[in-house]
Amino acid sequence: MKSADEMPGELQPRMRLHLWLEVEGGMVLGLGRAMLLAKVHELGSLNKAAKAMGMSYRAAWGRLKKTEDLLGLPLVVSSGGRSGFTLTPLGESLVKSFQRWHADVERYALETSHGLFPFEVRPFGGPEPFEPGEPSELDGDEKE
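Residues numbered from 1 in each chain as written. Predicted model: local features only at pLDDT ≥ 70, side-chain atom pairs only at ≥ 80, totals over all residues. Heavy atoms only, no water.

**Student:** Where do I start with the nonpolar core in this structure?
**Tutor:** In globular proteins that are soluble, nonpolar side chains generally tend to be buried together. Judged by nonpolar contacts, the single largest core of 23 residues is most densely connected at L37, V40, L46 and V76. Only β2 (26-30), α1 (31-43), α2 (46-52), α3 (57-71), β4 (85-87) and α4 (89-113) provide two or more residues apiece to this core. Among all residues touching V76, those that are not within four sequence positions of it are L37, V40, L64, E68, F85, T86, L87 and T88. (Core = buried A, V, L, I, M, F, W, Y, C linked by side-chain atoms within 4.5 Å. Buried < 20%, exposed > 50% of the residue type's maximum accessible area, 1.4 Å probe, protein only. Helix = DSSP H or I, 4+ residues; strand = E, 2+ residues; numbered from the N terminus. Contact = heavy atoms within 4.5 Å.)

See the structure below:
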């Protein structure tokens, strides 16, 4: 391993975390699904949320339904429009909880990286916190 003096000065690695919750039947929730739910909340549409994240409607619907099937409870409800949806209280709670957990784990991982590596590890700059009733500013480049 190179010493700190041998490392290129422009080296600025960013940390990426892949956290998810799963059960025997599959993934319950990960960053991509949390971001998808937050986008549905922000845009009021699964179709628009999917497009904003670079996914097909079918892929977004499939992931959402898989999570709902595993939980046995709905995360979104129709808001009356053709593809309009709002999050259920459970959906809102899961998004907020996942984002908080992800931020806590990321903060811990960054803190422990200091002194371990001969360069500064920087945060990835993931999603902004989700607030019910407030638009989210997720950039949606992560897919599951």
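**Student:** What am I meant to see in α1 here?
**Tutor:** An α-helical turn contains 3.6 residues, so a residue and the one three or four places further along point in the same direction. In this model, α1 (13 residues) spans 18 Å end to end at C-alpha, consistent with the 18 Å of a helix rising 1.5 Å per residue. Of all 13 residues making up α1, 10 are buried, and the element is well covered by its neighbours. Among the residues of α1, those classed as buried are L31, G32, R33, A34, M35, L36, L37, A38, K39 and V40. Against β2, α2, α3, β3 (76-78), β4 and α4 lie the buried residues of α1. Just downstream of α1, G44 is the residue with a positive phi angle, here 70°. (Expected span 1.5 Å × (residues − 1).)

**Student:** So what exactly am I meant to see when it comes to the packing of α1 against α3 here?
**Tutor:** Helix packing geometry: the angle between the two helix axes and the distance between the axes. Viewed as axis vectors pointing N to C, α1 and α3 meet at an angle of 105°, and their least axial separation amounts to 11 Å. Considering the angle they form, α1 stands roughly perpendicular to α3. Contacts from R33, L36 and L37 of α1 reach α3 at A60, R63, L64, K66 and T67. Of the residues belonging to the contact of α1 with α3, the class tally is four nonpolar, one polar and three charged. (Axes fitted to C-alpha atoms, helices over the stretch in contact; angles between N-to-C directions. Parallel < 35°, antiparallel > 145°, perpendicular 65-115°, else oblique. Nonpolar A, V, L, I, M, F, W, Y, C, P; charged D, E, K, R; others polar.)

**Student:** What's the story with the packing of aromatic side chains in this structure? I'm lost.
**Tutor:** Each aromatic ring pair is described using two quantities: the centre-to-centre distance and the angle formed by the ring planes. Scanning the model with the defined rule gives four aromatic pairs in all. Seen from their ring centres, Y57 and W61 are 6.4 Å apart, and the 5° between their planes marks the pair as stacked. With a gap of four residues between them, Y57 and W61 both fall in helix α3, about one helical turn apart. The partly exposed category is assigned to W61, whose relative accessible area is 33%. On the numbers, 5.6 Å between centres and 15° between planes, the contact of F117 with F119 is stacked. (Phe/Tyr/Trp six-rings, centres within 6.5 Å; stacked < 30°, edge-to-face > 60°.)

**Student:** Looking at this model, I keep getting lost on the pairing of strand β1 (residues 20-23). Mind explaining?
**Tutor:** Look at any regular strand and the pattern is simple: side chains alternate between the two faces of the sheet. Across four bridges, β1 lies against β2 in antiparallel orientation. Following the sheet pairing, W20 is matched in β2 by G30. Hairpin connection, β1 to β2: the antiparallel pair is bridged by two residues. (Pairing = 2+ DSSP bridges.)

**Student:** Just checking my understanding: could you explain the pattern of salt bridges for this structure?
**Tutor:** Side-chain pairing between opposite charges can occur once the charged atoms of the two side chains come close. Per the stated rule, a full pass over the model turns up three salt bridges. With a closest N to O distance of 2.8 Å, K65 and E68 form a salt bridge. Of the two residues, K65 and E68 are both situated in helix α3; the distance of three residues between them amounts to about one turn of the helix. On the accessibility criterion, K65 (28% relative accessible area) is partly exposed. In this structure, the salt-bridge partner of R107 is D104, at a minimum N-O distance of 2.5 Å. With R107 and D104 both in helix α4, this residue pair falls three residues apart, about one helical turn. Residue D104 is classed as partly exposed on the basis of its relative accessible area, which comes to 37%. (Salt bridge = Lys/Arg side-chain N within 4 Å of Asp/Glu carboxyl O.)

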